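# Observations on the model geometry
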Amino acid sequence: MTTSTDRYRSFVNSPLGSSIGKRLGLPRPAELRRHSPGSPLLDGPAVVLGSGALAPDVTLLLKAAGVAVVDADSPDRLGAVVLDATTLSSVADLGVLRDPLGPAVRRLGPSGRLLVLARAADTTDEPAVAAARQALDGFVRSAAKELRRGATANLVVVAEDAEPAAWESTVRFFLSARSAFVDGQVVRVGVAATNAPDDWDRPLEGRVAVVTGAAQGIGAAIAQTLARDGARVVCADLPAQGERLAVVANRARGTALQVDITAADAAERIAAHADERYGGLDILVHNAGITRDKLLVNMPEAQWSAVLAVNLESQLRINEHLLEQKVLGSGARVVCAASTSGIAGNRGQTNYAASKAGIIGMVRSAAPAFADIGATINAVAPGFIETEMTARMPFATREVARRICSLQQGGQPVDVAETIGWLAQTASVAVNGQVVRVCGQSLVGA
Ligand code: NAD
């Protein structure tokens, strides 16, 4: 597989490159901490601030995960700062963001985490309370842009009566190295809750997943990551990708299914394969996607239709069939690949951006019906990810695309895969209808 390597990042992190970079004031993208099985949740102790109802439970969660929770004024280099901001209800209350949060953030170590927990601004009819809650949105997105050395900041908006079981998988994800390239995001968590997994290192144990477009790139990483986390994986891709698909399926100790997702019987074939091999289907990852870039004024009908057929129509058709036939039932998790192009738009990609924005519409609209059966549907929107697709970009365009995010680098396929792995967990039942960008807080689609 040819993916481009970020030689600049390696250079500015070398002893010579680092001193040259400093003198010239060049951007210095950090080596991001990524998850490996058995690695600790955080790389250092945590500070928990705020007097809301969530703070004690976050402290318990951290201690249970083996993280030392220290005082706000301890001199330690921190792995995370968590602020329970659920009680903030006035402009004066926002002062806590400057102090004590500001000084604590100064002590965040490399790949540290700033995580703010809040209530939704649109669930109160008191303007001052809504203002204080919404202020956190701008605050977190700005703080994310200020953090350095691979540290991230994210906001989790927790429903009023949510028990810890509703938000634990989400808080763990954002604190952990699994969220290395997820930055400046706002995610809502509802009240639905299920039991925690027996082992947080293998949260997909016993689950059956189908990943489309699994033969290469992001899809191959998804297959491998879901398998690492305990799932049995059906790797689906076009017959023309048969050889590569077999390699990926073997590596994930799963099975290969050669199927064109635009075929009328694709849903039946996916369901039949998962049923025959594994007795059902719990997780469906709609990852397959294509680009056929052209300016709108030059867009041939075939290129327009192909992109919409693969990226959007097939997902709509497959979901509808699998829901109708009750192949997707209680506990099902569907995760769809959107794109930051579908949020911000991109020159030459009217067809692609329309298809990816369509995914977002589909996910938001379908979420209540999924919730009714105890299932969820969410989207991930990758930004610049180091794959064959982005390796084909012209050098200068690629270099700019890499640097225009807060983390100053492209993401890895595994970063998208880890985010999908979190959404696919049984314990993530309260995360539904969300669109999570995996883009290092790219300026595109911010
Ligand atoms: P890729 O081109 O490397 O892989 C896509 C896979 O989908 C291929 O293996 C291909 O054979 C398969 N596929 C295409 N049409 C199919 C069909 N009709 N039936 C079954 N399989 C089919 O792409 P990637 O870079 O790994 O991207 C994966 C997903 O992430 C896509 O949906 C893409 O739009 C999205 N995405 C990627 C990036 C990025 O930077 N790479 C950014 C944003 C979004």
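The shown structure was predicted, so the numbers you read here are calculated from the model rather than taken from an experiment.

Parameters and conventions
Residues numbered from 1 in each chain as written. Predicted model: local features only at pLDDT ≥ 70, side-chain atom pairs only at ≥ 80, totals over all residues. Heavy atoms only, no water. Pairing = 2+ DSSP bridges. Helix = DSSP H or I, 4+ residues; strand = E, 2+ residues; numbered from the N terminus. Axes fitted to C-alpha atoms, helices over the stretch in contact; angles between N-to-C directions. Contact = heavy atoms within 4.5 Å. Disulfide = S-S within 2.5 Å. Buried < 20%, exposed > 50% of the residue type's maximum accessible area, 1.4 Å probe, protein only. Near = heavy atom within 4 Å. Areas by Shrake-Rupley, 256 points an atom, 1.4 Å probe, with all protein chains shown as cover. Nonpolar A, V, L, I, M, F, W, Y, C, P; charged D, E, K, R; others polar. Domains from an automatic or database assignment. Buried area = accessible area lost by both parts, 1.4 Å probe. Salt bridge = Lys/Arg side-chain N within 4 Å of Asp/Glu carboxyl O. Phe/Tyr/Trp six-rings, centres within 6.5 Å; stacked < 30°, edge-to-face > 60°. Right-handed = clockwise from strand over helix to strand, strands pointing away.

Bringing the sheet that holds strand 4 (residues 152-158) into the picture now. The strand order 1-2-3-4-5 describes an open sheet built from 5 strands, whose pairing is parallel. The open sheet has two free edges, formed respectively by strand 1 (46-49) and strand 5 (186-189), since each of these has just one partner strand. Across the sheet, the mean angle from the axis of one strand to that of its neighbour is 20 degrees, orientation sign disregarded. Bridging between strand 3 (residues 108-118) and strand 4 involves 6 bridges; their strand directions are parallel. Bridging from a neighbouring strand, L114 pairs with A153 of strand 4. Sitting on the sheet, helix 3 (residues 54-64) is in contact with strand 1, strand 2 (78-84), strand 3 and strand 4, with an inclination near 165 degrees to strand 1.

In this section: the state of the cysteines. The full count for this structure, using the stated rule, is 0 disulfides. The cysteine C405 is free of any disulfide, with C439 supplying the nearest cysteine sulfur at 7.1 Å. Taking the relative accessible area as the measure of exposure, C405 reaches 8% and is therefore buried.

Taken together, 27 residues surround the ligand, and among them Q216, I218, D237, N287 and Y352 come closest. Burial of the ligand by the protein amounts to 93% of the accessible area it has alone, namely 830 Å². Going through the elements one at a time, helix 7 (217-228), helix 12 (350-372) and helix 13 (388-391) are the ones with two or more residues in the shell around the ligand. A per-class count over the shell around the ligand returns 14 nonpolar, 10 polar and 3 charged.

Quick look at the domain arrangement of the chain now. As a measure of interface size, the accessible area lost when the parts come together is often cited. Domain parsing of the chain yields domain 1 (41-189) and domain 2 (208-438). Using C-alpha coordinates to define each centre, domain 1 is positioned 29 Å away from domain 2. Taking both sides of the interface into account, the surface hidden between domain 1 and domain 2 amounts to around 1800 Å²; carbon and sulfur atoms contribute 56%. Three residues stand out in domain 1 for area buried against domain 2, namely S169, R178 and F181, and they jointly supply 39% of the buried area on that side. On the surface where domain 1 and domain 2 come into contact, there are 2 salt bridges.

Further remarks concern the packing of aromatic side chains. Aromatic rings considered in pairs are described by the distance between their centres and by the relative angle of their planes. Here the structure, examined in full by the defined rule, presents 3 aromatic pairs. Consider the rings of F173 and F174, whose centres lie 5.2 Å apart with planes at 70 degrees: the pair is edge-to-face. On the basis of relative accessible area, F173 is assigned to the buried category, the value being 2%. Taken together, a centroid distance of 5.4 Å and an interplanar angle of 65 degrees make the contact between F174 and W422 edge-to-face. With F174 in helix 6 (residues 164-175) and W422 in helix 15 (residues 413-423), the pair connects residues that are 248 residues apart, well separated along the chain. Residue classification places W422 among the buried residues on the basis of a relative accessible area of 1%. Among the aromatic side chains, those forming a connected cluster through ring pairs are F173, F174 and W422.

This part takes up the environment of L49. Its place among the elements puts L49 in strand 1. Counting along the chain gives 117 residues from L49 to A166, while the straight-line C-alpha distance between them is 20 Å. Beyond its immediate stretch of four places on either side in the chain, L49 contacts A72, V81, V82, L83, D84, P100, L101 and A104.

Looking now at the pairing of strand 3. Burial within strand 3 is extensive, with 10 of its 11 residues counted as buried. Here strand 2 runs beside strand 3; their pairing, made up of 6 bridges, is parallel. The partner of L83 across the bridge, within strand 3, is V116. Crossover strand 2 to strand 3 through helix 4 (residues 95-106) is right-handed. In this region the chain leaves strand 3, passes through helix 5 (residues 127-146) and returns to the parallel neighbour strand 4; the handedness of that crossover is right-handed.

Here we take up the pattern of salt bridges. Where charged atoms from two side chains of opposite charge approach closely, those side chains can pair. On inspection of all chains with the given rule, the structure shows 18 salt bridges. For the salt bridge of R133 with E160, the shortest nitrogen-to-oxygen distance reads 3.6 Å. Of this pair, R133 sits in helix 5 while E160 is found in the loop between strand 4 and helix 6, placing the two residues 27 residues apart along the sequence. The network of salt bridges with common partners includes D6, E386, E399, R402 and R403.

Our focus in this paragraph is unusual backbone geometry. The linkage connecting D99 with the following residue, P100, adopts the cis geometry, with an omega of 20 degrees. Residue R253 is not a glycine yet carries a positive backbone phi of 50 degrees. Following the sequence through the fold, R253 ends up in the loop between helix 8 (242-251) and strand 8 (255-258). In this structure R253 comes out as exposed when scored by relative accessible area, which is 72%. One non-glycine residue, Q441, adopts positive backbone phi at about 60 degrees. Structurally, Q441 can be placed in the segment after strand 12 (435-438).

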